[in-house]
Amino acid sequence: MNFFSAVLLGILQGLTEFLPVSSSGHLVLAQHFFGVETGGDILFEVFLHLGTLLAVMIFFRKKLWSLLVSLLNWKNTLRHQAHRHNRTLVLYLIVASIVTASMYLIFGDVFESLYGKPLVVAFMLILTGSIIFFSDKVRSGGVPASQMGLIRGIIIGFVQGLAIIPGISRSGSTISAALFSGVKRRDAAEFSFLLSIPAILGANLVSLVKFQELGASQLGVYLGGFLAAFIAGYLVIAILIRLIVNARLKYFSFYCWALALSSIILILGGK
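Each value, and the rule that gives it
- Residues numbered from 1 in each chain as written.
- Predicted model: local features only at pLDDT ≥ 70, side-chain atom pairs only at ≥ 80, totals over all residues.
- Heavy atoms only, no water.
- Helix = DSSP H or I, 4+ residues; strand = E, 2+ residues; numbered from the N terminus.
- Rg over C-alpha atoms; globule rule 2.2 N^0.38 Å.
- Phe/Tyr/Trp six-rings, centres within 6.5 Å; stacked < 30°, edge-to-face > 60°.
- Salt bridge = Lys/Arg side-chain N within 4 Å of Asp/Glu carboxyl O.
- Buried < 20%, exposed > 50% of the residue type's maximum accessible area, 1.4 Å probe, protein only.
- Core = buried A, V, L, I, M, F, W, Y, C linked by side-chain atoms within 4.5 Å.
- Contact = heavy atoms within 4.5 Å.
- Patch = residues over 30% accessible without salt bridge, like charges linked within 9 Å, V, L, I, M, F, W, Y side chains within 5 Å.
- Areas by Shrake-Rupley, 256 points an atom, 1.4 Å probe, with all protein chains shown as cover.
- Axes fitted to C-alpha atoms, helices over the stretch in contact; angles between N-to-C directions.
- Left-handed = near helix turned anticlockwise from the far one by under 90°.
- Nonpolar A, V, L, I, M, F, W, Y, C, P; charged D, E, K, R; others polar.

Caption draft 1: Main features of the overall build of the chain. A count of helical and extended segments in the chain gives eleven helices and zero strands. Along the chain, helices (α) and strands (β) appear in the sequence α-α-α-α-α-α-α-α-α-α-α when read from the amino end. For a compact globule of 271 residues, the expected C-alpha radius of gyration is about 18 Å, and the chain comes in at 19 Å, within 12% of that figure. Viewed in the frame of its principal axes, the chain has a C-alpha envelope of about 65 × 50 × 35 Å.

As structure tokens, then:
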């Protein structure tokens, strides 16, 4: 792999990691129609995921710092209420992550078997488009993320678990689930992005040991992909939050529907 290819793949990773269009669904359809292969370079994929992970952590650095401070501060000070809200938010993130992890342990093999079924993936893209379309119709709720309660956290974690199915967008489904349950729009977006941190870490944790296999000649190419994924991911987060707050996710639903319908026609036509 050359430097240009690494940067291009990094940009694609940064765009599709957070946009509600299902990066896994795109991969399955690209493999089916164009014979595109991932190349099996697990370490490079880890670099790309770490780039998007860094984008989330830098974008929400102030929020993450405040959460950390609240976890370490249990004194009855003037900011006791704010610290308590931050700690409950961390609790809901943990609960949602545990539910997602449980879903993967129980149904992971079943969900991942769908990567070989492009027709199913196309129908899942229709579902993704429908979910994000109707989420725009929901009025912004009045529930802050720090007060969403355990039930909402469990539901969002369950939905994120379902997003292991290729064609279902992780960001689109979690944001929509939060909106449908009455969470404020900006808080729904923030919770979804914060929830991506343990999800990305968990998905790549086992592969981190492969860093010892990295050669000096590969480092520059991999860092190019890493930086491209970071920059693209950071820009996507900023844009997507504005679209969520202004109820403009439906534009992505039109794209998902168009891609799904054209894929179904081609697949049923023997392509």
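Caption draft 2: Structural context of the packing of aromatic side chains. In total, this model carries eleven aromatic pairs according to the counting rule given. Seen from their ring centres, Phe 230 and Tyr 234 are 6.2 Å apart, and the 50° between their planes marks the pair as tilted. Note that Phe 230 and Tyr 234 are positioned in helix H10 (residues 216–245) at a spacing of four residues, about one turn of the helix. Through pairs of rings, three or more aromatic residues link up here, namely Phe 18, Phe 59, Phe 60, Phe 193, Phe 230 and Tyr 234.

Caption draft 3: Representation of the pattern of salt bridges. Using the criterion set out here, one finds one salt bridge in the structure. Across the pair Lys 63 and Glu 190 runs a salt bridge whose closest N-O atoms are separated by 4.0 Å. Of the two residues, Lys 63 is situated in helix H4 (residues 61–72) and Glu 190 in helix H9 (residues 185–204); the sequence distance between them amounts to 127 residues. Since its relative accessible area comes to 22%, Lys 63 is described here as partly exposed.

Caption draft 4: Molecular detail of helix H8 (residues 170–180). Within H8, ten of the eleven residues are buried, which leaves it mostly tucked inside the rest of the structure. If you check which residues of H8 are buried, you get Arg 170, Ser 171, Gly 172, Ser 173, Thr 174, Ile 175, Ser 176, Ala 177, Ala 178 and Leu 179.

Caption draft 5: Looking closely at the nonpolar core. Membership of the largest hydrophobic core comes to 44 residues, with the highest contact counts inside it found for Phe 191, Phe 193 and Ile 237. Looking at this core element by element, the count peaks at eight residues for H9. Filtering out sequence-adjacent residues up to four positions away, Phe 193 remains in contact with Phe 18, Val 56, Phe 60, Ile 237, Leu 240 and Ile 241. Within the second largest apolar cluster, nine residues are counted, among which are Leu 43, Leu 48, Val 221 and Phe 226.

Caption draft 6: Representation of a nonpolar patch on the surface. Together, Phe 4, Leu 8, Leu 9, Ile 11, Leu 12 and Leu 15 give the surface a local cluster of nonpolar side chains, amounting to about 530 Å² of exposed area. Along the chain, Ile 11 falls in helix H1 (residues 3–18). Residue classification places Ile 11 among the partly exposed residues on the basis of a relative accessible area of 34%.

Caption draft 7: A look at the environment of Pro 144. Structurally, Pro 144 is set in the loop between helix H6 (118–135) and helix H7 (149–162). Between the C-alpha atom of Pro 144 and that of Ser 70, which follows or precedes it by 74 residues, the distance is 17 Å. Beyond its immediate chain neighbours, meaning those up to four positions away, Pro 144 contacts Lys 184 and Asp 187.

Caption draft 8: Looking closely at the packing of helix H5 (residues 80–113) against H7. Where H5 contacts H7, the two axes come as close as 7 Å, and the packing angle between them is 35°. The crossing of H5 and H7 is right-handed. Taking contact as the criterion, the partners of Leu 91, Tyr 92, Val 95, Ala 96, Val 99, Thr 100, Met 103 and Phe 111 in H5 are, on H7, Gly 149, Leu 150, Gly 153, Ile 154, Gly 157, Phe 158, Gln 160, Gly 161 and Leu 162. Residues belonging to the contact of H5 with H7 are distributed by class as follows: eleven nonpolar, six polar and no charged.

Caption draft 9: View of unusual backbone geometry. Its identity as a non-glycine residue notwithstanding, Ser 22 has a phi of 65°, on the positive side. Summarising the element assignment, Ser 22 is placed in the loop between H1 and helix H2 (23–34). On the accessibility criterion, Ser 22 (3% relative accessible area) is buried.

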